[in-house]
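Read off the chains here:
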Protein chains: 2
Amino acid sequence: MDLKEAGIGDGISEIIVTTKSASGMPNAAPIGIITEINEEGERKHFVKLYKGSQTLANVLETTMLAANVTDDAVIFVKTVFEHLSEVHFADFASMPVLTEANAWIVFKSVLIEERSDYLHFQVLPRAVKINRKEVKAINRGLNAVIEAAILATRYDVTTDAREKKEMGKLMERYAEIVKKCGGRREKEAMGILMDKFPFISKINKN
Amino acid sequence: MDLKEAGIGDGISEIIVTTKSASGMPNAAPIGIITEINEEGERKHFVKLYKGSQTLANVLETTMLAANVTDDAVIFVKTVFEHLSEVHFADFASMPVLTEANAWIVFKSVLIEERSDYLHFQVLPRAVKINRKEVKAINRGLNAVIEAAILATRYDVTTDAREKKEMGKLMERYAEIVKKCGGRREKEAMGILMDKFPFISKINKN
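Residues numbered from 1 in each chain as written. Chains lettered and ligands numbered in written order. Predicted model: local features only at pLDDT ≥ 70, side-chain atom pairs only at ≥ 80, totals over all residues.

Trainee: Would you take a moment to explain the overall build of chain A for this structure?
Mentor: Secondary structure summary: chain A contains 6 helices and 8 strands in total. Relative to a compact globule of 206 residues, whose C-alpha radius of gyration would be 17 Å, chain A shows 17 Å and is just as compact. For chain A, with 206 residues in total, the buried portion stands at 44%. Look at the contacts in chain A between residues 6 or more apart in sequence, and 69% of them connect residues 24 or more apart. (Helix = DSSP H or I, 4+ residues; strand = E, 2+ residues; numbered from the N terminus. Rg over C-alpha atoms; globule rule 2.2 N^0.38 Å. Buried ≥ 20, exposed ≤ 12 C-beta atoms within 10 Å, placed from the backbone. Contact = placed C-beta atoms within 7 Å.)

Trainee: Please clarify how the sheet that holds strand β2 (residues 26-37) of chain B should be interpreted in this entry.
Mentor: All names here are of chain B. The 6 strands lie next to each other as β1-β2-β3-β8-β7-β4, forming a closed barrel whose pairing is antiparallel. Mean inter-strand twist for the sheet, computed between neighbouring axes without regard to direction, equals 45°. Relative to strand β8 (residues 118-130), strand β7 (residues 103-114) is paired through 11 bridges, and the arrangement is antiparallel. Looking at the pairing, Ser109 lines up with Val123 of β8. (Pairing = 2+ DSSP bridges. Axes fitted to C-alpha atoms, helices over the stretch in contact; angles between N-to-C directions.)

Trainee: Just checking my understanding: could you explain the relation of the copies chain B and chain A for this structure?
Mentor: In summary, the two copies of the chain are related to each other by a rotation about an axis coupled with a shift along it. Least-squares fitting of chain B to chain A yields an RMSD of 0.0 Å, with the transformation described by 0.0 Å of translation along the axis and a rotation of 180°. The symmetry that links the two subunits is that of a two-fold axis. Mapped onto chain A, 100% of the interface residues of chain B are again interface residues, and the two copies thus contact each other with one and the same surface. (Least-squares fit on C-alpha atoms with pLDDT ≥ 70 in both.)

Trainee: What exactly am I supposed to notice about the pairing of strand β2 (residues 26-37) of chain A here?
Mentor: Working note: regular strand, side chains alternate between the two faces of the sheet. Residue and element names in this part refer to chain A. Pairing between strand β1 (residues 11-20) and β2: 10 bridges, direction antiparallel. Bridge pairing in β2 places Ile16 opposite Pro30. Connecting the antiparallel pair β1 and β2 is a turn made up of 5 residues, with Gly24 showing a positive phi of about 100°. As defined by bridge partners, β2 adjoins strand β3 (residues 43-50) across 4 bridges and the pair is classed as antiparallel. The residue bridging Glu36 from the neighbouring strand is Lys44, located in β3. Here β2 folds back onto β3, and the loop between the two strands holds 5 residues, one of which, Gly41, carries a positive phi near 80°.

Trainee: Just to check I follow, could you spell out the interface of chain B and chain A for this structure?
Mentor: Interface size is commonly expressed as the accessible area that is lost once the parts come together. Listed per partner, the contact involves 32 residues of chain B and 32 residues of chain A. Every element with two or more residues in the side of chain B that touches chain A is listed here: β1 (11-20), α3 (140-155), α4 (161-181) and α5 (184-196) of chain B. Among the elements that take part in the side of chain B that touches chain A, β1 of chain B stands out by supplying 5 residues, more than any other. Classifying every residue of the side of chain B that touches chain A gives 12 nonpolar, 10 polar and 10 charged. (Nonpolar A, V, L, I, M, F, W, Y, C, P; charged D, E, K, R; others polar.)

Trainee: Sorry, what's going on with the sheet that holds strand β4 (residues 64-69) of chain A here?
Mentor: Sheet strands associate in pairs through backbone hydrogen bonding, adopting either a parallel or an antiparallel arrangement. Residues and elements named next belong to chain A. Reading around the circumference, β1-β2-β3-β8-β7-β4 is the order of the 6 strands in this closed barrel, with antiparallel pairing throughout. Pairwise comparison of adjacent strand axes, ignoring direction, gives a mean angle of 45° for this sheet. Here helix α2 (residues 73-81) sits on the sheet and contacts β1 and β2; the angle it forms with β2, its principal contact strand, is near 115°.

Trainee: Looking at this structure, how should I read the nonpolar core?
Mentor: The tendency in soluble globular proteins is for nonpolar side chains to be buried side by side. Ala66, Ile105 and Val145 of chain A together with Ala66, Ile105 and Val145 of chain B are the most contacted members of the largest nonpolar core, which has 111 residues in total. For Ala66 of chain B, the contacting residues outside a window of four places in its chain are Val17, Thr18, Phe92, Met95, Val97, Trp104, Ile105 and Val106 of chain B. (Core = buried A, V, L, I, M, F, W, Y, C linked by C-beta atoms within 7 Å.)

Trainee: I'm lost on the domain arrangement of chain A in this one. Help?
Mentor: Per the domain assignment, the segments of chain A are domain 1 (4-71 + 81-130) and domain 2 (140-198). Here the C-alpha centroids of domain 1 of chain A and domain 2 of chain A sit 24 Å apart. (Domains from an automatic or database assignment.)

Trainee: Teacher, can you tell me more about the packing of helix α3 (residues 140-155) of chain A against helix α4 (residues 161-181) of chain A here?
Mentor: When two helices pack together, their arrangement is given by the angle between the helix axes and the distance between those axes. Residue and element names in this part refer to chain A. Running from amino to carboxyl end, α3 crosses α4 at an angle of 155°, the nearest separation of the two axes being 8 Å. Judged on the interaxial angle alone, α4 and α3 are roughly antiparallel. Here α3 and α4 pass one another in a crossing that is left-handed. For the pair α3 and α4, the contacting residues are Arg140, Gly141, Ala144, Val145, Glu147, Ala148, Leu151, Arg154 and Tyr155 in the first and Lys164, Met167, Leu170, Met171, Tyr174, Ala175, Ile177, Val178 and Cys181 in the second. Its residues assigned to classes, the contact of α3 with α4 shows 13 nonpolar, 1 polar and 4 charged. (Parallel < 35°, antiparallel > 145°, perpendicular 65-115°, else oblique. Left-handed = near helix turned anticlockwise from the far one by under 90°.)

Trainee: Where do I start with α4 of chain B in this structure?
Mentor: Think of an α-helix as turning once every 3.6 residues; residues three or four places apart then point the same way. Residue and element names in this part refer to chain B. Compared with the 30 Å implied by 1.5 Å per residue over 21 residues, the 30 Å span of α4 between its first and last C-alpha is a close match. What α4 keeps buried is the set Met171, Tyr174, Ala175, Ile177, Val178 and Cys181. Considered in projection along α4, the buried side chains sweep an arc of 160° and stay on one side of the axis. Exposed positions of α4 whose direction lies more than 90 degrees from the buried face are Ala161, Arg162, Lys165 and Lys169. (Expected span 1.5 Å × (residues − 1). Arc of directions from axis to C-beta.)

Structure, rendered in structure tokens:
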């Protein structure tokens, strides 16, 4: 099953992973799916699920996860900081998925390695659905939101003052890119981030 | 004519602009198309064309330009530093376009303002063709290449030593993102950039 058609290219694909607990409670969070291509052109897919995350807890209970391919900046930022309400979820191949995603891929996970802070799984595609194909030009604001959101998740757990200052500077730089290049969804997403990190607002709200 | 379907959303869309001289010589270069939506929901598109660029010279001669919507990192980097050979060009509505692009939009330009370093045009769509729709997950490496390429174009003209050091640090950071997250096209594109800026290679080639 070649997932390129469904948006999962080589390298790391940033997607929203949806899972459910054994009792059926859905969860959504942004993660990267790592795709490696060997010399025979075979593709293998992997994920690292961090200890303490709801995604890992659910995968350990059910072994299943779904990748939701989307380029909606707001969904990425929301799933970093908030629980998505049930209205965002649909059902596909007995898994919760995001209604608005462009494609869904349901995977079975196979544990291959345990590390101190994460578990490393190979993931095997079991069902694929493409909902919407489109043409979209690169928007620098979209990835600036993603980069700022990644920094945001690390900012609060970083204790080194110099590193923290560096992260703050980068986040301000990304906020400037969103202000200059972003569309409405990117600006809305950056607004959500700024509410969590008010120091970005100083440069972004005037 | 709503260009969203052809990949030109609100904010700034990064595309490859193709133009031709009065004598018919084609040229390609990366630029941003600025899309503004007014309160009635009407979309207007603008470009800033920098003095000294071949794109501006051609637009002044012919008034026409074509936007090529693509997410191929290699094409972006190549058109920053090199002349594309004729094999890359096709013909659409009497304009040169890039064979591989996902969509083409031919615009007529109307000068609205002259600034010290650029001319500001409104661009009016005259012909649109969608070649290929797809689903594609966000890849952090793709935009890291774009950001590094933008820095690269500024690096050589920057004289302030501190600013130059800061740019170098950012380029190394983007090279790290490409190394970690990029697919083959992103890595190939970063390779082209590294050949121009060997100091990036130190961190990226091991």
